[in-house]
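Residue-level listing of the chains:
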Amino acid sequence: MVPLLIAICFGVVFCAAVFPANGLARTPTTEIRVAAAADLQFAMQDVAAQFERQTGTKVDVTYGSSGNFFSQLQNGAPFDLFFSADIGYPRNLEAASLAEPGTFYEYAVGRIAIWLPVDASVDVARLGWKCLLDPSMKKIAIANPEHAPYGRAAVAALQKAGIYEQVKPKLVYGENISQAAQFVQSGNAQAGIVAMSLAVSPVMKEGKRWEIPTDMHPTIEQAAIVLKSSKNKESAKAFLEFVKSEVGRATLAKYGFTLPAGIAAAPPASSQKK
């Protein structure tokens, strides 16, 4: 009798493990890992969520500075895709045969803006650059120009505006553009030069901003690649194709990105297929 009970219990446990309650064996969900520049924090969340709903593939995104990711990927960091804020890093990985052939894609051009909290007394829309010279501006946050493209763009724009030497003592550096924005949000800096994609994001759009003219800094060309070392190349390529699609391009545009020259603009949302 006891051996029979043991056999029955074993059978129940075995069936529960192999055949879930719905009677069907579960297929493991595919997951791809993405290394993404920090300016993509909100735009990529949106794009990834849409892709996951459409395909069931999970998109695990890590955000950081493009330069740091470049170093990590050269040393074999386990990512499937790299979305860089500097076109040079994916090109260099491609040249080193670390990118899957034919996957290099320039997905956007970034923009920068001076951003202040909503309760700031300075009128950045009226003063533009001059707002950074106001005595109330004790600290100005930018991304570290040593490895963050948006930091380099900020320095170049300040130099062209002729105020870099005046504000240099006030500059505080975030590890990436997202951290620079957090410095201003938290009150640790009174102003910041941040990515437009962050300035228009849900958590920052209520603040005050002034877009810096694009002719005041080098073009922020942003590109992506699938890594040759990817364990899920087909899913990674499918995600990149989704970014290239009308839906993907429209989502990036919603977060302040412009399209590179030669890439047709996505149609207005009202004209896209439901």
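Given the structure is predicted, the values throughout are model-derived calculations rather than measurements. (Residues numbered from 1 in each chain as written. Predicted model: local features only at pLDDT ≥ 70, side-chain atom pairs only at ≥ 80, totals over all residues. Heavy atoms only, no water.)

## Quick word on the packing of aromatic side chains
Now for step 1: Scanning the model with the defined rule gives eight aromatic pairs in all.
Now for step 2: Ring plane angle 65 degrees and centroid distance 6.3 Å describe the contact between F69 and F82, whose orientation is recorded as edge-to-face. With F69 in helix α3 (residues 66-74) and F82 in strand β3 (residues 81-84), this residue pair connects regions lying 13 residues apart in the sequence. For the pair F69 and F82, a shared accessibility class is recorded, and that class is buried.
Now for step 3: Taken together, a centroid distance of 5.6 Å and an interplanar angle of 75 degrees make the contact between W129 and W210 edge-to-face. Placement of the pair is W129 in the loop between α5 (124-127) and β6 (140-143) and W210 in strand β9 (residues 208-211), with a sequence separation of 81 residues.
Now for step 4: Residue W129 is classed as buried on the basis of its relative accessible area of 12%.
Now for step 5: Taken together, the aromatic side chains of F51, F83, Y107, F239 and F242 make up a single cluster linked through ring pairs.
Now for step 6: The ring of Y105 has K244 sitting right over it, with the charged end atom 4.9 Å from the ring centre. (Phe/Tyr/Trp six-rings, centres within 6.5 Å; stacked < 30°, edge-to-face > 60°. Helix = DSSP H or I, 4+ residues; strand = E, 2+ residues; numbered from the N terminus. Buried < 20%, exposed > 50% of the residue type's maximum accessible area, 1.4 Å probe, protein only. Lys NZ or Arg CZ within 6 Å of the ring centre and 35° of its normal.)

## Regarding the pattern of salt bridges
Now for step 1: According to the stated counting rule, one finds six salt bridges in the structure shown.
Now for step 2: Between R111 and E211 there is a salt bridge, with the nearest N and O atoms lying 2.8 Å from each other. Residue R111 is found in the loop between β4 (105-110) and β5 (112-116), and its partner E211 is found in strand β9; the two are separated by 100 residues along the sequence.
Now for step 3: Of the residues examined, E211 reaches a relative accessible area of 31% and is grouped as partly exposed. (Salt bridge = Lys/Arg side-chain N within 4 Å of Asp/Glu carboxyl O.)

## Remarks on the packing of helix α2 (residues 41-55) against helix α10 (residues 233-244)
If you want to describe how two helices pack, look at the angle between their axes and the distance between the axes.
Now for step 1: Contact geometry of α2 with α10 gives a least axis separation of 11 Å together with a crossing angle of 120 degrees. In terms of axis orientation, α2 runs oblique to α10. Between α2 and α10 lies a crossing of right-handed hand. Residue-level inspection shows M44, V47, A48, Q50, F51 and Q54 of α2 in contact with α10, the latter providing S235, A238, F239, F242 and V243.
Now for step 2: Residues belonging to the contact of α2 with α10 are distributed by class as follows: eight nonpolar, three polar and no charged. (Axes fitted to C-alpha atoms, helices over the stretch in contact; angles between N-to-C directions. Parallel < 35°, antiparallel > 145°, perpendicular 65-115°, else oblique. Left-handed = near helix turned anticlockwise from the far one by under 90°. Contact = heavy atoms within 4.5 Å. Nonpolar A, V, L, I, M, F, W, Y, C, P; charged D, E, K, R; others polar.)

## Remarks on the confidence of the model for the protein
Now for step 1: For the protein, per-residue confidence averages 88 on the pLDDT scale, and 85% of positions sit at 70 or higher.
Now for step 2: Residue range residues 1-28 is modelled with pLDDT below 50. Its contacts to residues more than four positions away, or to other chains, number three contacts.
Now for step 3: Within the model, the stretch residues 266-274 combines pLDDT values under 50 with ten contacts to residues more than four positions away or in other chains. (pLDDT = per-residue confidence, 0-100.)

## Things to note about the packing of α3 against helix α4 (residues 88-95)
Now for step 1: Between α3 and α4, the least distance of the axes is 10 Å, while the angle of their chain directions is 10 degrees. Considering the angle they form, α3 stands roughly parallel to α4. In this structure, the crossing between α3 and α4 has a hand that is right-handed. Residue-level inspection shows S66, G67, F70, L73 and Q74 of α3 in contact with α4, the latter providing Y89, N92 and L93.
Now for step 2: Partitioning the contact of α3 with α4 into residue classes produces four nonpolar, four polar and no charged.

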